Every structure is written in structure tokens, then in C-alpha cells.
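Structural description and commentary
Residue-level listing of the chains:
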Amino acid sequence: AARFYGLAAEQGLAATQFNLAMFCENGRGVPQDDAKAARFYRLAAEQSYAKAQNNLAMLCEHGRGMPQDLGEAARYYHLAAEQEFAR
């Protein structure tokens, strides 16, 4: 399944990019890789996908898969909140 999500994610489908990021973050069907998760969350977040914005914010906040960046975390949390995303 992860392989097919990868193919679809490369086509720019935000929901699929989010799902692949979840696979990468949690090591489901692929090796666990926070950097890849962040990459796919960012692709989906840039398409205003609120769940991806929230999850990317968490990675930024905790420095998982990237250097910690609290300003970037706040920005993505804010973007998700603007869409009334609550976790």
C-alpha cells in the first residue's frame, strides 16, 4: 500500500501525501523516517491540508526530522486553527 501511496503522493494529492507522511512517521509499511514524514506533511500543508499543517507543526515543535523551529511550528498551528482544525 505504501508504494501506491508514494506514486499518488508524487502526483500532488494532498490527502495521499498526508497518508504517506503518516506511514513514514509511524513506520507502517515503510522504515520509520521523520525527515520523509516532514517532507510529505509539508507538501500537503502547502495545499492547505489542515491535518498535515497540524502534524508538521508538531514535528517542527519537537525537532523531529528537522531542526526545532518554534516559529515555524506556530505558523503551521495557526494555519490549521484558521481552518478550525482541532485535535
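Residues numbered from 1 in each chain as written. Predicted model: local features only at pLDDT ≥ 70, side-chain atom pairs only at ≥ 80, totals over all residues. Heavy atoms only, no water.

Where helix H2 (residues 14–26) meets helix H4 (residues 50–62), the closest approach of the two axes is 10 Å, and the angle between their N-to-C directions is 30°. Between H2 and H4, the angle is such that the two are roughly parallel. As H2 runs across H4, the sense of the crossing is left-handed. Counting all contacts with H2, which are made through Phe-18, Met-22 and Glu-25, the residues of H4 involved are Lys-51, Ala-52, Asn-55 and Leu-59. A class-by-class count of the residues in the contact of H2 with H4 yields 4 nonpolar, 1 polar and 2 charged. (Axes fitted to C-alpha atoms, helices over the stretch in contact; angles between N-to-C directions. Helix = DSSP H or I, 4+ residues; strand = E, 2+ residues; numbered from the N terminus. Parallel < 35°, antiparallel > 145°, perpendicular 65-115°, else oblique. Left-handed = near helix turned anticlockwise from the far one by under 90°. Contact = heavy atoms within 4.5 Å. Nonpolar A, V, L, I, M, F, W, Y, C, P; charged D, E, K, R; others polar.)

Under the defined criterion, the tally for this structure stands at 2 aromatic pairs. Pairing Phe-18 with Tyr-41 gives two aromatic rings, centres 5.8 Å apart and planes at 50°, and the pair type is tilted. With Phe-18 in helix H2 and Tyr-41 in helix H3 (residues 34–45), this pair connects stretches of sequence that are 23 residues apart. Note on Tyr-41: relative accessible area 0%, which makes it buried. Ring centres of Phe-18 and Tyr-49 lie 5.4 Å apart, and the angle between their planes is 40°; this geometry places the pair in the tilted category. Placement of the pair is Phe-18 in helix H2 and Tyr-49 in the loop between H3 and H4, with a sequence separation of 31 residues. The exposure class of Phe-18 is buried, given its relative accessible area of 9%. Every member of this aromatic cluster is reached through a ring pair, and the members are Phe-18, Tyr-41 and Tyr-49. (Phe/Tyr/Trp six-rings, centres within 6.5 Å; stacked < 30°, edge-to-face > 60°. Buried < 20%, exposed > 50% of the residue type's maximum accessible area, 1.4 Å probe, protein only.)

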